[in-house]
Amino acid sequence: MQSHAPRRSGRGLTRGIPAVLSVVSAFLVWELYVHLSGISPLMLPAPSRVLEQIVLNRALLWDNTLPTLKATCAGFALSLTVAFVLSVALDFMPRLRRALFPIFVVSQTLPLVAIAPLVVLWFGFDLTPKVLLVALVTFFPMLVALVDGYSATDTDIESLMRSMGATRGQIFRSARFPSALPYFFAGLRISITYAVVAAIFAEYVGARAGLGIVILNAKNSFRPDLVLAAVVISSALTLGLFALTALIQKLALRWREVAGT
Amino acid sequence: MSVLVMKNVSVTLGGTSILDDVSLHVGQGEFVSILGPSGAGKSTIFRLLTGAVEHDSGQITCNGQPLTAKQQSFAFMPQRDALMPWRRIIDNLTLGLEVQGISREEARARVTPLLADFGLEDFARHYPAQLSGGMRQRAALLRTVVQDRPVLLLDEPFGALDALTRTQMQAWFEKRWRAARWTTLLVTHDVREAVALSDRIFVLSRRPAHVLTEVQVPGPRPRLGRRITPEAHALEAQVLDILLNQTGKAL
């Protein structure tokens, strides 16, 4: 009769201290180096200067963050849908899996540098090419995670369900899909970290607005401080999305939290 | 009257003969054990009955009807509890009923009155990982019996438990069985367990398995939770002797 002691967030906070310390000290070293060496801000701006630029250019940054966020979310939603639908199809049709999997693997070998300009060429400067590129980059880890997750289902549970007279669909819904969820979230966390970067890269190649455009313009006008300001925003976006997936995972896999596994 | 009858059943899997001319029968409300060495094909009999493998020859009937895929005559309890870790105990218990197409509410309503008998009334909302091994096994058994099938198939249900818990669980199970009189077919390699729980025991040979002998177990119940009678001891020794000497080189 083990009683259950859910983890308190307080412990999570204490656990975060080393991470905060290491990040803060890295920035401190950077700041000190810039001031002590007297290096030009055109070469390497200090973190304080980057922060200042964020505040000064907040309107510009905000206006350009929205298109990037939009492309990221739309691309990710598309990729999530495609990955899920495909994973179900592949699970029910092993032959389809053998036929299509090589194509998916090849899709991951395409260098983004080469493919992005082509996609922009084909689909123009609107949202479409960005959405497609984000989807291309992010769908594979989720698909692999789902497919592997399905096949990691406990065979005892499956034979039990078969002995109950369950259909293939019932077994999928009640056993294979829930078994795949922890795997799926592992893939989701990997994917989400690619998503913002892919959107920015797509904008960099050709767009009317977005963080990628801010970075491009800042680079062309020799403003490393503004480049880094946009980078900070993009990192913050990724971290925010990452935290969101972690939260959803926590809610979806509550049984793992409670069981303390 | 026999509920389950297997007559001259043979199974070959991948060119290997697993079951060779096995005949056995289980009567209404009877507790029958299949006892045999490890790897003898005891579990194959259950896979056969639950439709996971096909037999090459022989007949299997349940309540006089030949076994078909559609008809669900058996409720199966696997060796490991196979509880779904992501479902609360109550939702694990209703799984079989949900598969039958019964709504979640009705399935819960059917399971809830049985929780107390299985010592689970305070744990319905818990997840399996929060329960001890014995409690998980009780939950697995309850999940099996609520399916309300003509025959229970128990595949070494106490094999994964530690010795002390196993002894407690066997005594508890005998009590529950005496109250409910489920028609039960138990697979085990534990001679003492078979002698303690069964009305009759079919002793299987090594692979390819055939029935070495059928043993009637006399003696009043309950048999567990008290000192083992000399008769039971003698029977255990006799069955063990059959297993050791007629199944070839054991140990």
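Residues numbered from 1 in each chain as written. Chains lettered and ligands numbered in written order. Predicted model: local features only at pLDDT ≥ 70, side-chain atom pairs only at ≥ 80, totals over all residues. Heavy atoms only, no water.

**Student:** Just checking my understanding: could you explain the interface of chain A and chain B for this structure?
**Tutor:** When the parts of a complex come together, some accessible area is lost, and that lost area is often taken as the interface size. On the side of chain B, 28 residues touch chain A, which itself brings 21 residues to the contact. Of the roughly 2200 Å² buried between chain A and chain B on both sides combined, carbon and sulfur atoms contribute 63%. Summed over the three residues of chain A that lose the most area to chain B, namely A:L160, A:M164 and A:W255, the buried surface amounts to 30% of that side. Here A:D154 makes a salt bridge to B:R80, at a shortest N to O gap of 3.5 Å. Counting every contact that joins chain A to chain B gives two residue pairs in polar contact (both at pLDDT 80 or more). (Contact = heavy atoms within 4.5 Å. Buried area = accessible area lost by both parts, 1.4 Å probe. Salt bridge = Lys/Arg side-chain N within 4 Å of Asp/Glu carboxyl O. Polar contact = N/O pair within 3.5 Å; in protein donor to acceptor, adjacent residues only side chain to side chain.)

**Student:** Looking at this structure, I do not really get the domain arrangement of chain B. What am I missing?
**Tutor:** Residues and elements named next belong to chain B. Considered domain by domain, chain B is made up of domain 1 (1-10 + 27-73 + 150-189 + 196-232 + 244-251) and domain 2 (83-148). Taken over C-alpha atoms, the centre of domain 1 sits 24 Å from the centre of domain 2. Between domain 1 and domain 2, the residue contacts involve eleven residues of the former and ten residues of the latter. Counting the surface lost from both domain 1 and domain 2, the interface buries some 910 Å², and carbon and sulfur atoms represent 76% of this. When the area that domain 1 buries against domain 2 is broken down by residue, the three leading residues are M169, W172 and R176, summing to 43%. Taken together, domain 1 and domain 2 are joined by one salt bridge. D117 is the partner of R176 in a salt bridge, and the nearest nitrogen-oxygen pair spans 3.6 Å. Joining domain 1 to domain 2, the criterion identifies two residue pairs in polar contact (both at pLDDT 80 or more). (Domains from an automatic or database assignment.)

**Student:** I would appreciate a short explanation of the packing of aromatic side chains in the present structure.
**Tutor:** Given two aromatic rings, their pairing is described by the distance between the two centres and the angle made by the two planes. Applying the stated criterion across every chain yields a total of 17 aromatic pairs over all chains. Ring centres of A:W255 and B:W86 lie 6.4 Å apart, and the angle between their planes is 65°; on these two criteria the pair is classed as edge-to-face. Taken together, the residues A:W255 in helix α11 (residues 254-259) and B:W86 in the loop between β6 (74-77) and α2 (89-93) connect one chain to another. By relative accessible area, A:W255 is classed as buried at 12%. Note on B:W86: relative accessible area 15%, which makes it buried. Judged by centre distance (5.3 Å) and plane angle (70°), the rings of B:F118 and B:W172 are edge-to-face. (Phe/Tyr/Trp six-rings, centres within 6.5 Å; stacked < 30°, edge-to-face > 60°. Helix = DSSP H or I, 4+ residues; strand = E, 2+ residues; numbered from the N terminus. Buried < 20%, exposed > 50% of the residue type's maximum accessible area, 1.4 Å probe, protein only.)

**Student:** Hey, could you run me through the layout of surface pockets in this one?
**Tutor:** Regions of empty space are outlined by a rolling probe, equal in size to a water molecule, passed over the atoms. As a volume, the largest pocket reaches approximately 680 Å³. Around the largest pocket, the lining comprises 29 residues; the ones closest to its centre are B:R47, B:L49, B:T50, B:G51 and B:A52. Contributions of two or more residues to the lining of the largest pocket are made by α7 (155-163) of chain A together with α1 (42-49) and β6 of chain B. Per element, the largest residue contribution to the lining of the largest pocket is five residues, and it comes from α1(B). Across the lining of the largest pocket, the residue classes tally to eleven nonpolar, twelve polar and six charged. Of the voids in this model, the second largest pocket is the one considered here, and its volume is about 490 Å³. Those elements giving two or more residues to the lining of the second largest pocket turn out to be α6 (163-180), α7 (191-197) and α8 (230-246) of chain B. When grouped by side-chain class, the residues that make up the lining of the second largest pocket number eleven nonpolar, five polar and nine charged. (1 Å grid on protein atoms, 1.4 Å probe; cavity = no way out; pocket = protein on both sides within 12 Å on 5 of 7 lines; lining within 4 Å. Points joined across faces, edges and corners; volume = space filled by probe spheres on them. Nonpolar A, V, L, I, M, F, W, Y, C, P; charged D, E, K, R; others polar.)

**Student:** Which parts of the structure should I look at to understand the pattern of salt bridges?
**Tutor:** Side-chain pairing between opposite charges can occur once the charged atoms of the two side chains come close. All names here are of chain A. Taken as a whole, this structure holds 19 salt bridges over all chains when the rule is applied. D91 is the partner of R168 in a salt bridge, and the nearest nitrogen-oxygen pair spans 3.2 Å. Of this pair, R168 sits in helix α8 (residues 168-205) while D91 is found in helix α3 (residues 58-92), placing the two residues 77 residues apart along the sequence. Its relative accessible area of 37% is what places R168 among the partly exposed residues. Note that R208 and D126 form a salt bridge whose closest N and O atoms lie 2.7 Å from each other. With a gap of 82 residues between them, R208 in the loop between α8 and α9 (211-220) and D126 in the loop between α5 (112-123) and α6 (127-151) connect regions that are remote in the sequence. By relative accessible area, which is 63% here, R208 ends up exposed. A relative accessible area of 44% places D126 in the partly exposed class. Put simply, D91, E158, R168 and R176 are held in one network by salt bridges that share partners.

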